[in-house]
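Listed below are the residues making up each chain.
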Amino acid sequence: MKKPLLLPCIALVGGAAAAVLRLFQNATGFEEETGLPISGNLPGTALVILLVLLAVILTLLVRRLPENKAPSFPADFTARDSRLLFLPMAGLFLMGLSGVLDLIAGLGLTETLLQGVVSAADPSGMTSVVAISSSDGYSPQAHLILGVLDLVSAAGLFFAVRACGIKQRHNRLRFNGTWLLAPVLAMAVRLVLAYRVDSVNPALEAYYVELLALVFLNLAFYRFSSFSFGSGQTRRFALYTCCAVVLCMAAFCDSCSISARFLEIGGGLCVLGFLLLHLTAAPTSEPSGDSGEEIE
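Cut-offs used in this document
Residues numbered from 1 in each chain as written. Predicted model: local features only at pLDDT ≥ 70, side-chain atom pairs only at ≥ 80, totals over all residues. Heavy atoms only, no water. Helix = DSSP H or I, 4+ residues; strand = E, 2+ residues; numbered from the N terminus. Buried < 20%, exposed > 50% of the residue type's maximum accessible area, 1.4 Å probe, protein only. Polar contact = N/O pair within 3.5 Å; in protein donor to acceptor, adjacent residues only side chain to side chain. Expected span 1.5 Å × (residues − 1). Salt bridge = Lys/Arg side-chain N within 4 Å of Asp/Glu carboxyl O.

Draft legend 1. Structural context of the side chain of Asn 41. Inspection of the secondary structure assignment puts Asn 41 in the loop between helix 1 (3-28) and helix 2 (42-62). Classification of Asn 41 by relative accessible area gives buried; the value is 12%. For Asn 41, the side chain forms a polar contact with the side chain of Thr 28, separated by 3.2 Å. In this structure the side chain of Asn 41 is engaged in a polar contact, spanning 3.0 Å, whose partner is the backbone nitrogen of Gly 44.

Okay, structure coming up:
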């Protein structure tokens, strides 16, 4: 296996294993009446052990990565193969879709749209909208804020992907790094709101995976944004990204809304895609001076 693919593959395989264990824990690890965790649940214990082992393995592997001096964006993220742009493009699309769903929820149109879909799929009216809809505990105002932030984040990441795909004009381009701060802000706001909703639950086992996923997504996007300001660190970015991917795959089993699932998977795909671009990027010369075209 090629060295640049080792870390992402371990993260994906570990994330798949964590997701399976989380599914079993959700099915067998909580009391039906109270929702409290069952002591000594095997899948829950195995999940914690797996996450610790993956953290140790990823930390050891990341230490073997070369730490180039002052890697920058997009100079050190230029795609060798245009197919590598698929992952971040798919991720930002899912993040944008999450933003649209949050805006719909904030405007109170979710049940109306669901009713239309159900009516088209089941003219007899036997399917209940309540049975397929879910609530994540956010207020309409919170949904509107999250929707706007997710859409701005998707737009900023689109410009980032566009910059990575430019080859011939690469040395004449300067990227506006402010765009990369949008997903950092979006993840921070969502983390605060998620903690406010989840913290009333006395069972930490029920929501710790989701909170950790948001924490590491925030750290990964933060470290990614630092490349555009001349302070990027490859090892930290790789570690936070791989941990975020593992946790996002496990948290997918917990999310109570479609928009949250789209955001977690989309964010994980984005940072994983940019990590692959960075690890496989061809050596390039830094643009000199301030001349050039700015991407925004």
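The discussion continues.
Draft legend 2. Highlighting helix 7 (residues 181-198). Compared with the 26 Å implied by 1.5 Å per residue over 18 residues, the 26 Å span of helix 7 between its first and last C-alpha is a close match. All buried positions along helix 7 are accounted for by Ala 182, Pro 183, Val 184, Ala 186, Met 187, Arg 190, Leu 193, Ala 194 and Asp 198.

Draft legend 3. Region of the structure containing the pattern of salt bridges. Throughout the structure, instances matching the rule amount to four salt bridges. Residues Arg 83 and Asp 81 are paired through a salt bridge, measuring 2.7 Å at the closest nitrogen-oxygen approach. Here Asp 81 falls in the partly exposed class, since its relative accessible area comes to 26%. The shortest N-O distance in the salt bridge between Arg 190 and Asp 102 comes to 2.7 Å.

Draft legend 4. Layout of unusual backbone geometry. That bond from Phe 73 to Pro 74 is cis: its omega, 5°, falls within 30 degrees of zero. Along the polypeptide, Pro 74 turns up in the loop between helix 2 and helix 3 (86-106).

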